[in-house]
Amino acid sequence: MTRLLIVGPQGSGKGTQGIRIAEAFGIPAISTGDVFRGAVAAGTDLGRQVKAIIEAGDLVPDELTSAIVRERLSEPDAEGGFLLDGYPRNLVQVMHLDEFLEGVDEALDAVIELDVPRDESIARIARRAAEQGRSDDTEEVIANRLAIYERETAPILDIYRTRGVVDRIDGVGTLDEITDRIIASLQARGLGRGAAA
Ligand code: AMP
């Protein structure tokens, strides 16, 4: 049973690393960004509600986001643990997640902080924009998303730091190098011993 959260600015590679780590631990990677993009692509009610917000790089309302995460975490495949990517993203969402996890007598085992210099994450986002054409990867929207990260998301790390669960990982290097660093630091906490692929 391993409950993880991966945090990092846009372009830090947290989505890619999140999937790799979840695979190594045999737990689902739950990305709220993916859930919202999927809903927009499928044209569901949720998708219609969040489309303009995502395209502006703003945050979807906390109550709506937290309700979606609660539902997802209640699905059977998350019973053995999970890796959250992109949630919680501000202090209110931390409170919502705490309430939910306390209600089922659980807590996060580790928070992976991917540390990538600002210039490097901007360069990576520009590459992704060219490759994937994400509608929220335009220059103006990226600036907004990075500002929101610094203002609202980075402070959640202070809370988790006081709980002693944050592992700060150097996010510069090859994909394999970074994955290995994350797994090593989780193993040093006694998590997923022998689970490394
Ligand atoms: P991401 O792929 O994590 O960068 O998320 C893409 C977009 O989805 C964000 O820019 C937000 O508009 C929205 N989003 C994802 N996660 C959250 C969250 N926890 N709270 C609010 N909005 C979110």
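All of these numbers come straight from a predicted model, not from anything done at the bench.

Engineer: What is the right way to read the overall build of the protein from this model?
Structural biologist: Counting secondary structure elements, the protein contains eight helices and five strands. What you see in the protein, going N to C, is helices and strands ordered as β-α-β-α-α-α-β-α-β-α-α-β-α. Over its C-alpha trace the protein gives a radius of gyration of 16 Å, about what one expects of a compact globule, namely 16 Å for 197 residues. Taking the principal axes of the C-alpha coordinates as reference, the protein spans close to 40 × 35 × 30 Å. By the burial criterion, 46% of the 197 residues in the protein qualify as buried. A sequence separation of at least 24 residues applies to 72% of the contacts in the protein between residues at least 6 apart.

Engineer: Looking at this structure, I do not really get the sheet that holds strand E3 (residues 81–85). What am I missing?
Structural biologist: To summarise the sheet geometry, strands pair through backbone hydrogen bonds and adopt either a parallel or an antiparallel arrangement. Pairing within the open sheet is parallel, and its five strands lie in the order E2-E3-E1-E4-E5. Edge positions in the sheet fall to strand E2 (29–31) and strand E5 (166–170), since each of these pairs with one other strand and no more. Shown here is a sheet whose adjacent strand axes are inclined to one another by a mean of 20°, direction ignored. As paired strands, strand E1 (residues 2–7) and strand E4 (residues 110–115) are joined by four bridges and run parallel to one another. Bridging from a neighbouring strand, Ile6 pairs with Ile112 of E4. In this fold helix H2 (residues 32–42) packs onto E2 and E3, with an angle of close to 60° to the strand it touches most, E2.

Engineer: Would you take a moment to explain unusual backbone geometry for this structure?
Structural biologist: Phi is mostly negative for residues that are not glycine, and the peptide bonds are mostly trans. Here the amide bond leading from Tyr87 into Pro88 is cis, since omega sits at -5°, within 30 degrees of zero. Topologically, Pro88 is positioned in the loop between E3 and helix H5 (91–103). Positive phi is not limited to glycine here, since Asp105 has a value of about 60°. Tracing the backbone through its elements, the reader meets Asp105 in the loop between H5 and E4.

Engineer: Is there a simple way to think about the packing of H2 against helix H4 (residues 62–73) in this case?
Structural biologist: To characterise two packed helices, one gives the angle between the axes of the helices and the distance between these axes. Running from amino to carboxyl end, H2 crosses H4 at an angle of 100°, the nearest separation of the two axes being 11 Å. On the basis of their axis angle, the class for H2 and H4 is roughly perpendicular. Of the residues in H4, those in contact with Thr32, Val35 and Phe36 of H2 are Thr65, Ile68 and Val69. Here the residues of the contact of H2 with H4 sort into four nonpolar, two polar and no charged.

How each quantity is defined
Residues numbered from 1 in each chain as written. Predicted model: local features only at pLDDT ≥ 70, side-chain atom pairs only at ≥ 80, totals over all residues. Heavy atoms only, no water. Helix = DSSP H or I, 4+ residues; strand = E, 2+ residues; numbered from the N terminus. Rg over C-alpha atoms; globule rule 2.2 N^0.38 Å. Buried < 20%, exposed > 50% of the residue type's maximum accessible area, 1.4 Å probe, protein only. Contact = heavy atoms within 4.5 Å. Pairing = 2+ DSSP bridges. Axes fitted to C-alpha atoms, helices over the stretch in contact; angles between N-to-C directions. Parallel < 35°, antiparallel > 145°, perpendicular 65-115°, else oblique. Nonpolar A, V, L, I, M, F, W, Y, C, P; charged D, E, K, R; others polar.

As far as function goes, none of this settles anything; it's purely spatial.
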